[in-house]
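Geometric and topological summary
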Amino acid sequence: MILLSARAGEESRVEGLQAGADDYLVKPFTARELLARVGAHLTMARIRRDAAERERELRRALERAHSELKVKVRDRTSELQRAEEDLRALSARLLQTQDEERRHIARELHDSAGQTLALLGMHLALIARKAENTLPEVSRETKNAAELLQQLKKEIRTTSYLLHPPLLDEIGLSSAVDWYIEGLKERSGLDIRFLIANDFGRVPRNTELVIFRLIQESLTNIHRHSGATKASICVARSNGLVSVEVTDNGKGMPREKLLEVQSGGHGVGLRGMRERVRQFRGEMRIESDSSGTRILVTLPLPKAEEQRTHLHRGE
Ligand SMILES: Nc1ncnc2c1ncn2[C@@H]1O[C@H](COP(=O)(O)OP(=O)(O)O)[C@@H](O)[C@H]1O
Ligand SMILES: [Mg+2]
């Protein structure tokens, strides 16, 4: 709409435009001027319409792309989640199989191989005795062989116990760890302190095994990597939680390695520990600086177990 008016002046023009006119033309004007203005307004209106239409199209296309992307991301996310769940289930199975295998091999070594070696020892003793007078040289050599056999028996027994300490199932965590530490002290010269409450009692077999493996892996790492002279282990339980703390006075880990280890990367040992702890719904923290390394694990005990042991202890 173009207002054609005899009223000139800025006031009237503003008033007309504010009333909704597209333009305001003051008399006198020529037909050409009017036509030119109308033409310009029409062109502008078309350009605006086209732009608005293009903008709408663009917006629609954007919305389509966005929702397609959302669907894709959702699919991909649930695919990844499934893959992660599969992977976790697999790793749990692997750890469990590894435990069973170790237990099995340990028993085989201890029972079958142990018995064969014991028999062999008896035979050697017999031969040594029979040859004593007639073939003294053979007798001496046989005795040497029997000594080597004793050594082999001891080595096999140690290997078997390291694979799976029988004390763990028979007597409990405290004795199994004591035994392990005694051996490691001898092999490594490390000064190791082990603190556990006298009334710690028993916890489920799998929890005992996981704690034992945590201690075993941590101490092996201290022996292999830390250069420490001292290590200490503290196992305690309270409020339905078991806590295990292993510290050393070694050189610690460089910062980048610590960050890597904390974010779940790097070596198989610590990752395996983290995975075991995760399966037991526990938590694992690693701190390390130039004065040493500290690994702290907490594991929740199954509810029924907590109550049962407390009843045992008269609490
Ligand atoms: N107590 C420790 N003191 C210093 N460094 C350690 C200690 N424990 C672990 N590390 C470092 O963390 C790395 C990862 O350990 P781990 O996952 O057990 O793998 P691995 O023992 O096979 O190298 C080790 O290679 C070592 O560099
Ligand atoms: Mg290791």
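These numbers come from a predicted model, not from an experiment.

Quick notes on the rules
Residues numbered from 1 in each chain as written. Chains lettered and ligands numbered in written order. Predicted model: local features only at pLDDT ≥ 70, side-chain atom pairs only at ≥ 80, totals over all residues. Heavy atoms only, no water. Donors = N, O, S within 2.8 Å, 3.2 Å for Na, K, Ca; no water. Helix = DSSP H or I, 4+ residues; strand = E, 2+ residues; numbered from the N terminus. Domains from an automatic or database assignment. Pairing = 2+ DSSP bridges. Right-handed = clockwise from strand over helix to strand, strands pointing away. 1 Å grid on protein atoms, 1.4 Å probe; cavity = no way out; pocket = protein on both sides within 12 Å on 5 of 7 lines; lining within 4 Å. Points joined across faces, edges and corners; volume = space filled by probe spheres on them. Nonpolar A, V, L, I, M, F, W, Y, C, P; charged D, E, K, R; others polar. Axes fitted to C-alpha atoms, helices over the stretch in contact; angles between N-to-C directions. Contact = heavy atoms within 4.5 Å.

1. Focus: the coordination of the magnesium ion (ligand 2)
For the magnesium ion (ligand 2), every protein donor is listed as Glu217 (OE) and Asn221 (OD1), and the spread of their distances is 2.1 to 2.4 Å. Here Glu217 pairs with Asn221, and both are found in helix α6 (residues 205-226), just 4 residues apart, close to one helical turn.

2. Thoughts on the domain arrangement of the protein
Domain annotation for the protein reports domain 1 (2-71) and domain 2 (172-315). For domain 1 and domain 2, the distance between their C-alpha centres works out to 77 Å.

3. Let's talk about the pairing of strand β1 (residues 2-5)
The side chains of a regular strand alternate, residue by residue, between the two faces of the sheet. Relative to strand β2 (residues 23-26), β1 runs parallel, the two being bridged by 4 bridges. In the sheet register, Ser5 faces β2, and the bridge partner there is Val26. Note on the crossover from β1 through helix α1 (residues 10-18) to β2: the handedness is right-handed.

4. A closer look at empty space enclosed by the protein
In this structure the tally under the stated criterion is 1 cavity of 30 Å³ or more. Its boundaries defined by the atoms lining it, the largest cavity holds a volume of some 30 Å³. Along its surface, the largest cavity is lined by Leu214, Ile215, Ser218, Val244, Val246, Met273, Ile295 and Val297. Of all the elements in the fold, those that place two or more residues in the lining of the largest cavity are α6, β5 (241-248) and β7 (292-300). In terms of residues, the lining of the largest cavity owes the most to one element, α6, which gives 3 residues. In terms of residue class, the lining of the largest cavity is made up of 7 nonpolar, 1 polar and no charged.

5. With respect to the sheet that holds strand β3 (residues 191-196)
The mixed open sheet is built from 5 strands, whose spatial order is β3-β4-β5-β7-β6. On the outer flanks of this sheet lie β3 and β6 (283-289), each paired with one strand and no other. For this sheet, the mean inter-axis angle between neighbouring strands, taken without regard to orientation, is 10°. Packed on one face of the sheet, helix α5 (residues 173-188) meets β3 and β4 (230-238) and runs near 175° to β3. Along the sheet, α6 makes contact with β3, β4, β5 and β7, crossing β5 at roughly 10°.

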